[in-house]
Amino acid sequence: QDRHADPETIQQTAWCMLRGNIDKIPHFTDNKIILIDIEDVLKPNESGQSLTIVIDGPPGIGKTTLCRKLLNMWANGQIKHQQYDLVIYCPLRYDKIAQASTLQDLFVYQCREVDAVTEWFDRRHGEGLLIIFDGWDELSVDLRRHSLASRIICKKLLHKCSVIVTSRSYASSSLLDLDSINRHVAVMGFKVQEIENV
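Here goes a summary of the coordinates provided. Only a predicted model underlies this, so the values are computations on that prediction, with no experimental measurement involved.

### A few points about the nonpolar core
- Membership of the largest hydrophobic core comes to 30 residues, with the highest contact counts inside it found for Leu 106, Ile 131 and Phe 133.
- Breaking this core down by element, the ones donating at least two residues are β5 (86–91), α3 (95–98), α4 (112–123), β6 (129–134), α6 (148–153), β7 (162–168) and α7 (169–176).
- In terms of residue count, α6 provides more of this core than any other element does, four residues in total.
- Among the nonpolar cores identified, the runner-up in size contains 19 residues, and Leu 42, Ile 53, Cys 67 and Ile 132 belong to it.

Here it is, written out as structure tokens:
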């Protein structure tokens, strides 16, 4: 939780904090902390709209670990709110991903099925798709404003797609100001035993 955030911002954002137990997350509601299961990070909104989730924290705290855990859980059918046909993991530290201009560019390994898959999601405006953009803070200021990732996060492209964006805390403030963000998870770290189980 950002100590400098104003109360209105806190009320408008579903705040979660991950600390000490990889399978339980304290959830902030009216300044109270309630533990929720890790798969509830992806729990659908009451409105049924797609999710846009910011996961932030200091360097090395476990943001990528959390994303890999969620990705692993999705791949093994362990998320009780399984609503995604495809999850794409996009590390923004790679130039190819950061400078992507089309959905096809987000696929590291190109094969003929990629075109069919991306066309299918384009026609559905991203419905059933979850994209994990890992490392927002690694983008240049220009790419944070004018990139495929920013257009997807702002719902200017694939507006029915759900998105998780990880960032170091110093760069997440630009994300938290966006109207499209509907959940915020602050990672506080993991125990060694928990990391071994990811």
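### Regarding the packing of aromatic side chains
- The tally for this structure, following the rule as stated, stands at one aromatic pair.
- Arranged with centres 4.9 Å apart and planes meeting at 70 degrees, the rings of Trp 120 and Phe 121 form a pair that is edge-to-face.
- Of note, Arg 93 hangs over the ring of Tyr 94, and the distance from its end group to the ring centre comes to 5.4 Å.

### As for helix α2 (residues 63–75)
- A rise of 1.5 Å per residue sets the reference length of α2, with its 13 residues, at 18 Å; its end C-alpha atoms lie 18 Å apart and thus fit the reference within 8%.
- Within α2 the residues assigned to the buried category are Lys 63, Leu 66, Cys 67, Lys 69, Leu 70, Met 73 and Trp 74. All buried residues of α2 fall inside an arc of 160 degrees around its axis, so they share one side.
- One or two steps after α2, the chain reaches Gly 77, where phi turns positive at roughly 65 degrees.

Conventions adopted
Every chain's residues receive numbers from 1 upward, in the order its sequence appears when written. Whole-chain, interface and lining totals are the exception, using all residues; otherwise, since this is a predicted model, local features are given only for residues with pLDDT of at least 70 and side-chain atom pairs are given and counted only at 80 or more. Hydrogens and waters are ignored; side-chain quantities use all the structure's heavy atoms. What makes a nonpolar core is a set of buried Ala, Val, Leu, Ile, Met, Phe, Trp, Tyr and Cys residues whose side-chain atoms join them at distances within 4.5 Å. Burial status follows relative accessibility: with a 1.4 Å probe on protein chains alone, a residue under 20% of its type maximum counts as buried, one over 50% as exposed, and anything between as partly exposed. The helix and strand labels rest on DSSP assignments: H or I over at least four residues marks a helix, E over at least two residues marks a strand, and numbering proceeds from the N terminus. Under the pairing criterion, centres of Phe, Tyr and Trp rings, with the six-membered ring standing for Trp, must be within 6.5 Å; the plane angle then separates stacked pairs below 30 degrees from edge-to-face pairs above 60, leaving the rest tilted. Each ring is checked for a lysine NZ or an arginine CZ that lies within 6 Å of its centre and within 35 degrees of its normal; such an atom marks a charge sitting over the ring. Given the number of residues in a helix, its expected span is that number minus one, multiplied by 1.5 Å. The arc in question is the one traced by the directions running from the helix axis out to the C-beta atoms.

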